[in-house]
Amino acid sequence: MTGVVVLDNGGGLIKAGHGGDLDPTAVLPNCLLRPLSSKKFLHPDPLGSHSTAALDLTSAAVRRPIDRGYLINADLQRDIWAHLFTSHLRVSTPSSCLLLTEPPFTLPSIQRATDELVFEDFNFKSLYVADSASLVHLYEASTSPQGLVSKAQCSLVVDCGFSFTHAAPVFQNFTLNYGVKRIDLGGKALTNYLKELVSYRSINVMDESFLMDDVKEKLCFVSLDVDSDLQLARKPGQDNVFRCSYVLPDGVTFTKGYVKDPEAAQRYLNWTDESHSTSGGTIIDVEKPESAEDRKRIDLTKNEFDLTNERFLVPEMIFRPADLGMNQAGLAECIVRAINSCHPHFHPVLYESIILTGGSTLFPRFAERLERELRPLVPDYYQVKITTQQDPILGVWRGGSLLASSPDFEAMCVTKAEYEELGSARCRRRFLR
Amino acid sequence: MEDESSNPLRRMSSRTRKVAPKMVAALASSDNRTQAVLARLEALENDNAGTEVGDLNDDDEASLDDDDDDGYMHKKQSKSTKRKTRQAKALENARKAPRTFLELLHEANLESLPPHIPSYSRAAVGPPSSTSRRHFCTVCGFTATYTCVKCGMRFCSRRCQNIHNDTRCLKFVA
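Q: I keep staring at the interface of chain A and chain B and nothing clicks. Help me out?
A: Many analyses report the size of an interface as the accessible area lost when the parts associate. With 55 residues of chain A at the contact, the number on the chain B side is 51 residues. Buried surface at the junction of chain A and chain B, summed over both partners, amounts to about 4700 Å²; 52% is from carbon and sulfur atoms. For chain A, the biggest contributors to the area lost against chain B are Arg 68, Arg 182 and Tyr 200 of chain A; these three give 16% of the whole. Linking chain A to chain B there are four salt bridges. Between chain A and chain B we count 19 residue pairs in polar contact (both at pLDDT 80 or more) in total. Elements with a minimum of two residues in the side of chain A that touches chain B: strand S5 (61-63), helix H2 (108-121), strand S13 (181-183), helix H5 (187-201), helix H7 (226-234), helix H11 (310-319) and helix H12 (331-340) of chain A. For the side of chain A that touches chain B, the element with the most residues is H5 of chain A, which contributes seven residues.

Q: What is the right way to look at the nonpolar core in this model?
A: Across soluble globular proteins, nonpolar side chains show a tendency to be buried alongside one another. All names here are of chain A. If you look at the biggest cluster of nonpolar residues, it comprises 83 residues, and the most contacted ones within it are Leu 331, Ile 335, Phe 366 and Leu 374. In terms of residue count, H12 provides more of this core than any other element does, seven residues in total. Aside from chain neighbours lying at most four places away, what touches Leu 331 is Val 158, Thr 165, Ile 183, Ile 318, Phe 319, Phe 366 and Leu 370. Membership of the second largest hydrophobic core comes to 65 residues, among which are Leu 7, Leu 84, Ile 355 and Cys 427.

Q: What is the right way to look at the packing of aromatic side chains in this model?
A: The description of an aromatic ring pair uses the distance of the two centres, along with the angle that the planes make with each other. This model, assessed by the stated rule, comprises 20 aromatic pairs over all chains. Ring geometry for Tyr 70 of chain A versus Tyr 120 of chain B: centroids 5.5 Å apart, planes at 75°, classification edge-to-face. Highlighted residues: Tyr 70 of chain A in strand S7 (residues 70-71) and Tyr 120 of chain B in helix H8 (residues 120-123), drawn from two different chains. Exposure class is identical for Tyr 70 of chain A and Tyr 120 of chain B. Each is buried. When the centroid spacing of 6.2 Å and the interplanar angle of 50° are considered together, the rings of Trp 81 of chain A and Phe 85 of chain A count as tilted. With Trp 81 of chain A and Phe 85 of chain A both in helix H1 (residues 74-89), this residue pair falls four residues apart, about one helical turn. A connected cluster of aromatic rings, assembled from ring pairs, spans Tyr 70 and Phe 164 of chain A together with Phe 101 and Tyr 120 of chain B. Across the ring face of Phe 142 of chain B, the terminal group of Arg 234 of chain A is positioned such that the distance to the ring centre comes to 4.5 Å. Just above the ring of Tyr 200 of chain A sits the side chain of Arg 168 of chain B; from NZ or CZ to the centre is 3.8 Å.

Q: Sorry, what's going on with empty space enclosed by the protein here?
A: Once rolled over the atoms, a probe with the size of a water molecule shows which space is left empty. Overall, the coordinates contain four cavities of 30 Å³ or more when judged by the stated rule. Estimated volume of the largest cavity: approximately 100 Å³. In this structure, the largest cavity is lined by 13 residues; those nearest its centre are Asn 9, Leu 71, Thr 101, Glu 102 and Pro 103 of chain A. Secondary-structure elements contributing two or more residues to the lining of the largest cavity are S7, strand S8 (97-101) and H2 of chain A. When grouped by side-chain class, the residues that make up the lining of the largest cavity number seven nonpolar, five polar and one charged. Within this model, the second largest cavity holds a volume of roughly 70 Å³. Taken together, Arg 64, Phe 162, Lys 188, Thr 191, Asn 192, Lys 195, Ser 209 and Asp 213 of chain A together with Asn 46 and Asp 47 of chain B make up the lining of the second largest cavity.

Each value, and the rule that gives it
Residues numbered from 1 in each chain as written. Chains lettered and ligands numbered in written order. Predicted model: local features only at pLDDT ≥ 70, side-chain atom pairs only at ≥ 80, totals over all residues. Heavy atoms only, no water. Contact = heavy atoms within 4.5 Å. Buried area = accessible area lost by both parts, 1.4 Å probe. Salt bridge = Lys/Arg side-chain N within 4 Å of Asp/Glu carboxyl O. Polar contact = N/O pair within 3.5 Å; in protein donor to acceptor, adjacent residues only side chain to side chain. Helix = DSSP H or I, 4+ residues; strand = E, 2+ residues; numbered from the N terminus. Core = buried A, V, L, I, M, F, W, Y, C linked by side-chain atoms within 4.5 Å. Buried < 20%, exposed > 50% of the residue type's maximum accessible area, 1.4 Å probe, protein only. Phe/Tyr/Trp six-rings, centres within 6.5 Å; stacked < 30°, edge-to-face > 60°. Lys NZ or Arg CZ within 6 Å of the ring centre and 35° of its normal. 1 Å grid on protein atoms, 1.4 Å probe; cavity = no way out; pocket = protein on both sides within 12 Å on 5 of 7 lines; lining within 4 Å. Points joined across faces, edges and corners; volume = space filled by probe spheres on them. Nonpolar A, V, L, I, M, F, W, Y, C, P; charged D, E, K, R; others polar.

Here it is in structure tokens:
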């Protein structure tokens, strides 16, 4: 019995572990970093590790093997994988199988490079290439055996990741590739957009990718009503429920930035809830007088910047890329187009089994907003049901882990001998892509 | 670095003439505003790669070779062996250097596929059904009612207009 290495090789994070496990062994950024203090590019620490010698990521230079979601720098990826396999997973590659995810419509030249990497550099015994949508479908179907996804054997997987966003219909564990639609916007573009806004409006943070990633994750949210939220964001002082400060690291006591007042950062949630229940019009005093004085005082020893409307205008771009000047439809329309390109018999089921996955769906209220946008676009005799995953970043990996532990997994793989005999292109046909 | 994709206009070397299809469109049109928008969208996909290009393929040497290229065209025969090897080295570096996804995409020539086969370019979601777009003030982020007559960026008030004029107006039009 040989082990299966399950590798969800994302543009932002690598999720890697052993097939059959519940959670991946290592989740780490898929990049090499060069902090200011170093002359060489270093391997990043896995997420969630609390090593004492954590890298100071201020103004770190980043090299990523993946551009726009596709593997373009095989040399760099080899370095990262070699480090991953030896020091995190501790597997011997010649005696293991590999389950690797690949985005839809990977170019043949990239597939060839990937195969070379897997078989010639790492000598894996066999390889299975999966696409993320079918893995998510598999995982969702297995978590609720009585649910619609597993009964109807089809679902629409919306993967909003680091590099791009895909809406992909899946039927009987196969992605219907003629129905896949893509928006060229993902977490990376959003972070860069936030960087651009903050750099122009307050402090130059153009080099601080990791810091701004953190700001985005902690402070950004999806607005349910942009116009009224914009009006709210105009208010001065304490009336402004969106205003929130983020303190930059000073390199001495804090090497990581933090939200100045996490409680205040959550105020917007209560605000809209209350104003909805009281049918609008009345002004609710959300001011908390006890520590208001502390908050107002600006600590001159710390560098901080305020965010107001940026908090919801940044994730807003996924719903309206046209606002950025992009000639692409928003997420709701993307879903409708993906479904419309399938056979009409699928439509009712697909609308009822939309699964959200990927790190960018973690913005608060993402699903709620999507449903609001989607409902008017869908005929009223169809139900719309959006399922969110418990851990959208790991959803794909868990599906891969399930697939790897299924009994007929080994038969689906392409072995090294077959690769050597037939070459990359012929082997790829095995994966029906 | 970031100029890799954001301003191909300034690149004069013969080796790097391959530009992304989007950029080709931008270069063909004389409209500076479209170019600015496209360049900005390209920039959204950038990493801060630091000076990686420098230590990856020995930029100093490569730039020397760029200068040499023009001379090389004129006096082909009089090239010293040293120069040849240097150019050969630069060419090799260029070959080894990772190409961007857009270059690979261009090379794959997806347009030549028959129309019924789904491909990367056909999977793009396509233009939105309604052409209306909201405009946000580039200075403060609120709904913008006015357009800068010089550069086409948006602003919402007199105050923002002044800030815009002082800081980033005419940035792209030069």
